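Take a look at the letters that make up each chain.
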Amino acid sequence: RIPATVMIIPYSPPYSSEGKTNPKTDAESITPAAKDRIISENLCERFLKRNPTTSIVAVDENRIIGTILCGHDGRRACFYHVCVKEEFRKRGIAKELVEACIKALKEEQINKVTIVAFKTNENGNRFWKSLGWELRDDLNSYDFSFLFLN
């Protein structure tokens, strides 16, 4: 079902932004959207440096069409930002990404992984249940947001 042109591989150059630098700009002169993009790219790059083997991408003709950002603490892992571009969904790509990521985690001797899915994400919740993932009702999720400046 996966198109023959699609590769499922670890996230690494040339698909990462490694080697690129963000231009130095006056913080007052950039738009909020541009600032968010720069912060997001920097955070993603930092995440990938901390988790060099467990984040996986699906690539079609040199374009990233799906990804799982995955990190772990040495015992258990968490999937972040699991997604496949809409026009590539329903082709088994997400399942292949999950399987590749779990294989990478096993190689690092990690035996448990979790994902947070919004209750309103019906397609996502259906997907995780179809793969045999268990919905947990024994914990609460808390968020605390704070601004950091570099």
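1. Quick look at the sheet that holds strand 1 (residues 6-10)
The sheet built from five strands is open, its strands ordered 1-2-3-4-5 with mixed pairing. Edge strands, defined here as strands with exactly one partner in the open sheet, are strand 1 and strand 5 (113-115). Mean inter-strand twist for the sheet, computed between neighbouring axes without regard to direction, equals 25°. Bridging between strand 1 and strand 2 (residues 56-60) involves five bridges; their strand directions are antiparallel.

2. A word on the side chain of Ser-55
The topology assignment puts Ser-55 in the loop between helix 1 (32-50) and strand 2. Engagement of the side chain of Ser-55 in a polar contact is seen with the backbone nitrogen of Cys-70, the distance being 3.1 Å. Beyond its immediate stretch of four places on either side in the chain, Ser-55 contacts Ile-9, Pro-10, Tyr-11, Phe-47, Leu-48, Ile-68, Leu-69 and Cys-70.

Cut-offs and rules
- Residues numbered from 1 in each chain as written.
- Predicted model: local features only at pLDDT ≥ 70, side-chain atom pairs only at ≥ 80, totals over all residues.
- Heavy atoms only, no water.
- Pairing = 2+ DSSP bridges.
- Helix = DSSP H or I, 4+ residues; strand = E, 2+ residues; numbered from the N terminus.
- Axes fitted to C-alpha atoms, helices over the stretch in contact; angles between N-to-C directions.
- Polar contact = N/O pair within 3.5 Å; in protein donor to acceptor, adjacent residues only side chain to side chain.
- Contact = heavy atoms within 4.5 Å.

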